[in-house]
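# Examination of the molecular architecture
The chain contents come next:
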Amino acid sequence: MKSLHFLLFCGVLLLHASCSGIKTSDEKSLDDCPLVGTWKQVGTDSIMVLDVGLIKDTMQIRLSQLVDGLEIIKLETRDTALVKPGYMVVSDRYMLLGSYLMPYKLFDKNGTFLHQIGGLGQGPGEYTNIYDAQIDEVNNRIYMLPWTSNQLLVFDLDGNLLPPIPLPARIPKGVFRVDTKKNRLTMGILPFRDLENKFVLWQQDLKGNVLQSISSTPYYTYDDYSNEVSSNRNAGSFDFFIFNWSAVQDSLYHYDAKENRLVPVFTANFGTQDIPKHTYTEFPGHYWVNIITEVVNGQGMPPMNVLIDKHSLKGTYCTLVIDELGGIPVEYPYDCFQDGRFLMNLDPGDLIDELEKVLAKPERFSKEESDRLTKLKNSISVDDNNYILVGKLKLKGEGLILSANPVQKITEQEQQPAKEEPIKTAVQSEVASEADTVWSVSYCATLPDAINYFRTHNKYKDWDPKKGKRVLVRGIAEKDGTITGVGISYGWDLDPQSGAMKNKSEGTCGLKELDEEALRLIRQAKLLPGMTDKKIPVRSKFVIVVDFPPK
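Numbering of residues starts from 1 in each chain and follows the order in which that chain's sequence is written. Where totals are concerned, whole chains, interfaces and linings use all residues; where local detail is concerned, this predicted model gives features only for residues with pLDDT of at least 70, and gives and counts side-chain atom pairs only at 80 or more. Side-chain figures throughout are based on the complete set of non-hydrogen atoms in the structure, without hydrogens or water.

### A closer look at the environment of Lys469
Quick reminder of the rule: A run of DSSP states H or I qualifies as a helix once it reaches four residues; a run of E qualifies as a strand once it reaches two. Both are numbered from the N-terminal end. Note on exposure labels: buried denotes an accessible area under 20% of the residue type's maximum, exposed denotes more than 50%, and partly exposed covers the range between, all computed with a 1.4 Å probe on protein chains only. N or O atoms within 3.5 Å of each other form a polar contact, as long as, within protein, one can give a hydrogen and the other can take it, and as long as residues adjacent in sequence are counted only when both atoms are side-chain atoms.
As for its placement among the helices and strands, Lys469 is situated in strand β38 (residues 469–477). Given a relative accessible area of 12%, Lys469 falls into the buried group. For the pair Lys469 and Phe548, spaced 79 residues apart in sequence, the C-alpha to C-alpha distance is 5.1 Å. There is a polar contact of 3.0 Å between the side chain of Lys469 and the backbone oxygen of Cys509.

### Some thoughts on the pattern of salt bridges
Which entries qualify depends on this criterion: The rule for a salt bridge is simple: a side-chain nitrogen of Lys or Arg has to be within 4 Å of a carboxyl oxygen of Asp or Glu.
The full count for this structure, using the stated rule, is 19 salt bridges. Between Arg261 and Glu259 there is a salt bridge, with its nearest N and O atoms 2.7 Å apart. The class of Arg261 is buried, set by a relative accessible area of 19%.

### Quick word on the environment of Asp339
What counts is decided by this rule: In what follows, a contact means two residues having at least one pair of non-hydrogen atoms within 4.5 Å.
Tracing the chain through its elements places Asp339 in the loop between β33 (337–338) and β34 (341–346). Residue contacts for Asp339: discarding those within four places in its chain leaves Arg177, Asn232, Arg233 and Asn234. A distance of 2.8 Å separates a polar atom in the side chain of Asp339 from a polar atom in the side chain of Arg177.

### Remarks on the sheet that holds strand β19 (residues 184–189)
The criterion, for reference: Any two strands between which DSSP finds at least two bridges are classified as paired. Convention adopted: a line fitted to C-alpha atoms gives each axis, helices being fitted over their contacting stretch, and angles between N-to-C directions are expressed from 0 to 180 degrees.
What the 4 strands build is an open sheet, ordered β18-β19-β20-β21; its pairing is antiparallel. Strands with a single pairing partner mark the edges of an open sheet, and in this sheet they are β18 (174–179) and β21 (210–215). Going across the sheet, the axis of each strand differs from the next one's by a mean of 10°, ignoring polarity. The pairing of β18 with β19 spans 6 bridges and is antiparallel.

### Structural notes on the side chain of Thr267
Within the secondary structure, Thr267 sits in strand β25 (residues 261–269). A distance of 2.5 Å separates a polar atom in the side chain of Thr267 from the backbone oxygen of Asp250.

### Brief notes about the layout of surface pockets
Empty space among the atoms becomes visible once a probe the size of a water molecule is rolled across them. Basically, it comes down to this: Points on a 1 Å grid, built from protein atoms alone, make a cavity when a 1.4 Å probe fits but cannot get out and make a pocket when they are open with protein on both sides within 12 Å along at least 5 of 7 lines; residues with an atom within 4 Å of a point are the lining residues. Grid points are joined across faces, edges and corners, and a volume is the space filled by probe spheres set on the points. Three classes are used: nonpolar for Ala, Val, Leu, Ile, Met, Phe, Trp, Tyr, Cys and Pro, charged for Asp, Glu, Lys and Arg, and polar for all others, with Gly counted as polar.
Taken as a whole, the second largest pocket spans an internal volume of roughly 720 Å³. Those elements that provide at least two residues to the lining of the second largest pocket are α3 (450–457), β38 and β41 (540–548). The element best represented in the lining of the second largest pocket is β41, accounting for 7 residues. Of the residues belonging to the lining of the second largest pocket, the class tally is 19 nonpolar, 5 polar and 8 charged.

### Details of the sheet that holds strand β9 (residues 94–99)
Strands sit in the order β8-β9-β10-β11 across an open sheet of 4 strands; the sheet is antiparallel. The strands lining the two open edges of the sheet, one partner per strand, are β8 (87–90) and β11 (113–117). With direction set aside, neighbouring strand axes in the sheet form an average angle of 20°. In this structure, β8 lies alongside β9, joined through 4 bridges in antiparallel fashion. Among the inter-strand pairings, Val89 is bridged to a residue of β9, identified as Leu96.

### Quick notes on helix α4 (residues 512–523)
Short version of the rule: Between the first and last residue of a helix there are one fewer steps than residues, each counted as 1.5 Å, and that sum is the expected span.
Taking 1.5 Å as the rise per residue, α4 with 12 residues should run 16 Å; its terminal C-alpha atoms sit 17 Å apart, in good agreement. Buried within α4 are the following residues: Leu514, Asp515, Glu517, Ala518, Leu519, Leu521 and Ile522. Along its buried surface, α4 packs onto α3, β38, β39 (483–494) and β41.

### Section: a nonpolar patch on the surface
Rules: The patch calculation keeps residues exceeding 30% relative accessible area without a salt bridge and links them within 9 Å when they carry like charges or within 5 Å when they are nonpolar (Val, Leu, Ile, Met, Phe, Trp, Tyr). Per-residue accessibility takes into account occlusion by the displayed protein chains alone, with areas from the Shrake-Rupley method and a 1.4 Å probe.
Together, Tyr100, Leu101 and Leu120 give the surface a local cluster of nonpolar side chains, amounting to about 310 Å² of exposed area. Along the chain, the position of Leu101 falls in the loop between β9 and β10 (102–108).

Note that all results are geometric; they support no functional claim without further evidence.
Rendered as structure tokens:
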């Protein structure tokens, strides 16, 4: 195989490779994998549905097959320039990096520190954490969205604070894009039920005037900051996904500004009653599904990843490795692809450790390749500032050649198309069909006058507040109000002074009698299913909090 060559200049390490230095065998193409997806028509929309149960292979994907021109950029090392692993946004000439309780810092594309952007605090141009950001170098602007903010911070590329962009209300978490020339902001948020703002996504001018909006009602999430919202924008669209910690059947959407609606483009059928936590990421030619596995002994286990081709509908379980760095694994790939780029922020000590791991297996490399990786490792110091990996996503990724570790060999006759399953999307036809199933659950059911209901019917209404408990109950409300699939997602202790939740437990609050009472209260409640815009009831999900004692 062709060896790799590093060009070191201006602090940037540019990696050129057409294939990896790793020696592999039993290579096969994604085209050799079974069909795992189908197209499903929902109203006027065609949505791709992945059937996870049909996946038969586990394969290793080389980053060089997805990304062109990977660079390793050593950030300038001086006290004012130091950063931690965290959030970053990259444009053609600039990199903005920061993390919780740490000011954001602007670097040029070679890793030279330019200046700090804003600062920590609650004054003008200050923040404690940033959820999303954008560098608009053509218009000399940096836009930053703090957590729980009612405005978008604006700076120029020299770090000067400019007038902020007002938002309709204070929002918990959001993703956005600003079109400076068109004087337009597109914003999608985590749609907590009790927000003053009742939009899940909207467009406004830069003075704060809302131009068009989409109601939050079909997309409500439980008011839990463990939930997330994302827009990766890797395929030319403003994609939109809401991650629910209490996992539900959901979709990845594109925002159609002309029609002002969220268009469902991808979902997955996991084939289990308890849907695993998951995220969806779009590439130009593929979808990437991240399935979050269980927590063991307090530690989250590495996620499972699925890659499915948009055109062939063939897919596989997969791992992603940086072949230009000897096969270093990318443990959480879904965090690494943004705005058409692969981005990774590495602590120098971690990078050294990873290189030592791959070099501990010299049989995998030629001597030339082993010498190159050893030289790279020896050039890194634990006292360095962080190293940034940046590469552009290829517009096409057809014909991926994968290093295969087959889970199960199957014959061509067994490679059948995925079964068509009814699916969920928040964009339904104007008449609610009787074919609605769990896969069409998008709307949220409500419990009218919940406070009085719990105060009246909770048999533990005199529970000692010093031993307060909270139980999060999930389930489905059928069109007629019948309740099914009731279960407990999580339980907490409640601090008697502040009411804050602590000691989170999965599936229980820690007291069997309170768990059983919470389930009884919800099963006997009269929930109202969600309604379409035409006031037609539809099968709806719900997530309801039960407190002991009741509020």
